[in-house]
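The lines below spell out each chain.
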Amino acid sequence: MTSRRVAPERGVSLVELMVGIAVGLMVLAAATTVVTSQLGSTRRLLLETQLDQALRTAGEIISRELRRTNSTMEDRASQWFREDQLGVNWNDATAPVISGTDNSQIEIFYRRAGGEERTGFKLEGDAIKVKLGDGSWHELTDPQTVKITRFSVGTARTGGRAASRNSDAHIVPCPFQCPGGGTACWPRMVPIEYTITIAGELRRDSSFTRTLTTSVAVRSARMTLPEGTMAPGAIGTCPVEPG
């Protein structure tokens, strides 16, 4: 009986094994680098979003309260043509009071059906605090999460509106001209606007910083009449229709 000789099988050499391991490690290192980079980008995005949200939320709350400052409890009392409008629409005695270092505190007043409402905001420590109806101050921002480095309220406007001031009056159009013609007796409206600036950084990573600047136009405006121009027979702040 003839026996058949079987050729020995050839395995992987040590060199081939080392090359394969090296290639695998390179692929693994590249994949790890990509994943680490993605995780870092995601973390940064989450932290930036957290800081942005904290500043924007505080800014929205302050803007909402400041927008209604010195307003009346009746919508119809805010119409410029009311006969007693000059004393109703804006009252300097209850205008916002700005104080503190770098204008870091503001007191706000407005009227509702239940009476006068008072609130305020200030920078104290590392947080913005809000004044409640009972006069107590409570944290509006979380100092454990966000450190507020600046809070200020001013009347200086920014951008293309920097030249405009709260003392600049605008003529309010009337349906009829003044007696004798012209618009000299027409009332003037002085729009009131404030600029809010909030800057902060994250507690867990101070390299994440943001500054929020927003302008707020107050709903109530100061109404004035040119001195000596209130003509006989005028209704409210506008001249009557010529007879």
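Once a new chain begins, its residue numbering starts again from 1 and follows that chain's sequence as written. It should be noted that, the model being predicted, local features are given only for residues of pLDDT at least 70 and side-chain atom pairs only at 80 or more, the latter also being counted only at that level, while totals for whole chains, interfaces and linings use all residues. Hydrogens and water molecules were not included; the side-chain quantities draw on all heavy atoms of the structure.

**So, the overall build of the protein**
The helix and strand labels rest on DSSP assignments: H or I over at least four residues marks a helix, E over at least two residues marks a strand, and numbering proceeds from the N terminus. For the protein, the count of helices and strands is two helices and 11 strands. In sequence order, the secondary structure elements of the protein are arranged as α-α-β-β-β-β-β-β-β-β-β-β-β. Relative accessibility under 20% of the residue-type maximum defines a buried residue, over 50% an exposed one, and the middle range a partly exposed one, all with a 1.4 Å probe and only protein chains included. Looking at the 243 residues of the protein, the share that counts as buried comes to 33%. Looking at the protein alone, contacts between residues at least 24 apart form 59% of all its contacts between residues at least 6 apart. In this analysis, two residues are considered to be in contact whenever any of their non-hydrogen atoms come within 4.5 Å of each other.

**Describing the pattern of salt bridges**
Pairing is possible between side chains that carry opposite charge, provided their charged atoms lie close to one another. Salt bridge criterion: a side-chain nitrogen from Lys or Arg within 4 Å of a carboxyl oxygen from Asp or Glu. A complete count under the given rule lists eight salt bridges for this structure. Note that E48 is salt-bridged to R210, the shortest N-O span being 3.7 Å. Placement of E48 in helix α1 (residues 14–67) and of R210 in strand β10 (residues 209–217) is noted, with a sequence separation of 162 residues between them. The exposure class of R210 is partly exposed, given its relative accessible area of 29%. Here R203 and D126 are joined by a salt bridge, their closest N and O atoms 2.6 Å apart. Of this pair, R203 sits in the loop between β9 (193–202) and β10 while D126 sits in the loop between β3 (115–124) and β4 (127–131), and the two are 77 residues apart along the sequence. Salt bridges sharing common partners tie together E48, D52 and R210.

**Things to note about the packing of aromatic side chains**
For any pair of aromatic rings, the description consists of the separation of the ring centres together with the inter-plane angle of the planes. Here is the rule: rings of Phe, Tyr and Trp (six-membered ring for Trp) pair when centre to centre is within 6.5 Å. Planes less than 30 degrees apart are stacked, more than 60 are edge-to-face, and the remainder are tilted. Under the defined criterion, the tally for this structure stands at zero aromatic pairs. The side chain of K122 reaches across the aromatic face of W137, ending 4.4 Å from its centre. The rule for a charge over a ring is simple: NZ of Lys or CZ of Arg within 6 Å of the ring centre, and within 35 degrees of the ring normal.

**With respect to the confidence of the model for the protein**
Taken residue by residue, the protein gives an average pLDDT of 77. The fraction at 70 or more is 72%. The predictor attaches a confidence to each residue, called pLDDT, with possible values from 0 through 100. Residue range residues 73–89 is modelled with pLDDT below 50. Its contacts to residues more than four positions away, or to other chains, number 35 contacts. Here residues 231–236 scores under 50 on pLDDT; set against residues more than four positions off or in separate chains, the count is nine contacts.

**Quick notes on the nonpolar core**
With 26 residues, the main nonpolar core has L66, F121, F151, I196 and I198 as its most contacted residues. Of all the secondary-structure elements, those providing two or more residues to this core are α1, β2 (105–112), β4, β6 (146–154), β9 and β10. By size, the runner-up hydrophobic cluster in this structure holds five residues, among which are C174, C185, W186 and C238. For this analysis, a nonpolar core means a set of buried residues of the types Ala, Val, Leu, Ile, Met, Phe, Trp, Tyr and Cys, connected via side-chain atoms within 4.5 Å.

**Re the sheet that holds β10**
Read from one edge of the open sheet, three strands run β6-β9-β10, paired in antiparallel fashion. The sheet is open, and its two borders are formed by β6 and β10, each paired with just one other strand. Between one strand axis and the next, the sheet turns through 15° on average, direction left out of account. Between any two strands, at least two bridges found by DSSP are needed for them to pair. Note on geometry: axes are lines fitted to C-alpha atoms, helical ones only across the stretch in contact, with angles between N-to-C directions running from 0 to 180 degrees.

**Quick look at the environment of R219**
With respect to the helices and strands, the residue R219 is situated in the loop between β10 and β11 (222–224). Apart from residues no more than four positions distant in its own chain, R219 is found in contact with R67 and R68.

**Details of the pairing of β10**
Both faces of the sheet carry side chains from a regular strand, because those side chains alternate between them. Pairing of β9 with β10 involves nine bridges; the strand directions are antiparallel. Its bridge partner lying in β10, E201 is registered against T209.

**Considerations on a nonpolar patch on the surface**
To count toward a patch, a residue needs a relative accessible area over 30% and no salt bridge; like charges are then connected within 9 Å, while nonpolar side chains (Val, Leu, Ile, Met, Phe, Trp, Tyr) are connected within 5 Å. Using a 1.4 Å probe, accessible areas were evaluated by the Shrake-Rupley method; residue-level cover was limited to the displayed protein chains. Taken together, V12, L14, L17, M18, I21, L25 and L28 make up a surface patch of nonpolar side chains, about 740 Å² in accessible area. With respect to the secondary-structure elements, I21 resides in helix α1.

**Description of unusual backbone geometry**
Even without being glycine, D102 reaches a positive phi, approximately 55°. Tracing the chain through its elements places D102 in the loop between β1 (97–99) and β2. Positive phi, close to 55°, is recorded for N103, a residue that is not glycine. Structurally, the position occupied by N103 is in the loop between β1 and β2. Residue classification places N103 among the partly exposed positions, given a relative accessible area of 36%.

**Looking at the side chain of E65**
Along the chain, E65 falls in helix α1. Given the relative accessible area of 10%, E65 is considered buried. The contact partners of E65, leaving out residues within four places of it in the chain, are I108, Y110, T119 and F121.

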